[in-house]
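# A look at the structure
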Amino acid sequence: MPASIKRLAISNPAAGGAGTKVFDSDSEYLVSVIVTNKDEDVATFDVWVAPNGVNDASGRGYISKGQYAPPANSFETFRFPLNTNDDLYVLASTADLSFTVVGVDQLGLGA
């Protein structure tokens, strides 16, 4: 059976803080993150991978950092790999950002 694109996670995190874990990889995925700004004001966001679940600032793999989120609009990251046991985190400058993780399970084992 061919691999299909699936929605893996949805998160509407609070603003600021240390980031929110939005996906805990149980396989090898090729993913992207769609970020929607639900407000009429500019916002920014970060998306990063914590390799093997270790969320150490010096070891993070940033997919975006301080990325501009246009008012009442969406942004999609490039596709990027997640290995088994990687964690995906997001950080929002406002509570009006919604994050949707979509991807393909490359091994056919996970979600």
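For the structure, check the block above.
Given the structure is predicted, the values throughout are model-derived calculations rather than measurements. (Residues numbered from 1 in each chain as written. Predicted model: local features only at pLDDT ≥ 70, side-chain atom pairs only at ≥ 80, totals over all residues. Heavy atoms only, no water.)

### Observations regarding the overall build of the protein chain
Assigned secondary structure in the protein chain consists of zero helices and nine strands. Taken from N to C terminus, the helices and strands of the protein chain fall in the order β-β-β-β-β-β-β-β-β. Taking 13 Å as the expected radius of gyration for a compact globule of 111 residues, we find that the protein chain reaches 14 Å, a close match to that expectation. Expressed as lengths along the three principal axes of its C-alpha atoms, the size of the protein chain is roughly 45 × 30 × 20 Å. Evaluated residue by residue, the protein chain yields a buried proportion of 39% over its 111 residues. Long-range pairs, those at least 24 residues apart, make up 82% of the contacts in the protein chain between residues at least 6 apart in sequence. Surface exposure of the protein chain reaches about 6,000 Å², of which carbon and sulfur atoms provide 51%. Separation of charge centres in the protein chain, based on 7 positive and 13 negative side chains, amounts to 2 Å. (Helix = DSSP H or I, 4+ residues; strand = E, 2+ residues; numbered from the N terminus. Rg over C-alpha atoms; globule rule 2.2 N^0.38 Å. Buried < 20%, exposed > 50% of the residue type's maximum accessible area, 1.4 Å probe, protein only. Contact = heavy atoms within 4.5 Å. Areas by Shrake-Rupley, 256 points an atom, 1.4 Å probe, with all protein chains shown as cover. Lys, Arg positive; Asp, Glu negative; His and termini not counted. Charge placed at Lys NZ, Arg CZ, Asp CG, Glu CD.)

### Topic: the side chain of Thr94
Position of Thr94 relative to the elements: it lies in the loop between β8 (87–92) and β9 (97–105). Thr94 gets classed as buried once you look at its relative accessible area, which sits at 18%. With near-sequence residues (within four places) excluded, Thr94 lies in contact with Pro13, Ala15 and Ala43.

### Things to note about unusual backbone geometry
Trans peptide bonds make up the majority, and among non-glycine residues the majority have a negative phi. One non-glycine residue, Ala72, adopts positive backbone phi at about 50°. Mapped onto the fold, Ala72 is located in the loop between β5 (61–69) and β6 (74–76). Residue Asn85 is not a glycine yet carries a positive backbone phi of 75°. Relative to the elements of secondary structure, Asn85 occurs in the loop between β7 (80–82) and β8.

### Quick word on the side chain of Asn37
As for its placement among the helices and strands, Asn37 is situated in strand β3 (residues 29–37). Here Asn37 falls in the buried class, since its relative accessible area comes to 2%. Here Ala69 takes part through its backbone oxygen, which lies 3.1 Å from a polar atom of the side chain of Asn37. (Polar contact = N/O pair within 3.5 Å; in protein donor to acceptor, adjacent residues only side chain to side chain.)

### Quick look at the pairing of β9
Judged by how many residues are buried, β9 sits mostly within the fold: nine of nine residues are covered. Because side chains alternate across β9, one face comprises the buried residues Leu97, Phe99, Val101, Gly103 and Asp105, and the other comprises Ser98, Thr100, Val102 and Val104, equally buried. In terms of strand pairing, strand β1 (residues 6–11) meets β9 through five bridges, oriented antiparallel. Considered in β9, the bridge of Ile10 is made with Thr100. Pairing analysis gives nine bridges linking β3 to β9, with the strands arranged antiparallel. Each residue of the ladder has a partner; that of Ile34, found in β9, is Thr100. (Pairing = 2+ DSSP bridges.)

### Focus on the pattern of salt bridges
Scanning the entire structure with this criterion turns up three salt bridges. A salt bridge links Lys21 to Asp87; its shortest N-O distance comes to 3.7 Å. Linking Lys21 in strand β2 (residues 20–24) with Asp87 in strand β8, this pair joins segments that are 66 residues apart in sequence. Judged by its relative accessible area of 42%, Lys21 falls in the partly exposed class. Between Asp46 and Lys65 there is a salt bridge, with its nearest N and O atoms 3.3 Å apart. Highlighted residues: Asp46 in strand β4 (residues 43–50) and Lys65 in strand β5, separated in sequence by 19 residues. In this structure Lys65 comes out as exposed when scored by relative accessible area, which is 57%. (Salt bridge = Lys/Arg side-chain N within 4 Å of Asp/Glu carboxyl O.)

So, to be careful, I would describe these as geometric facts and stop short of saying anything about function.
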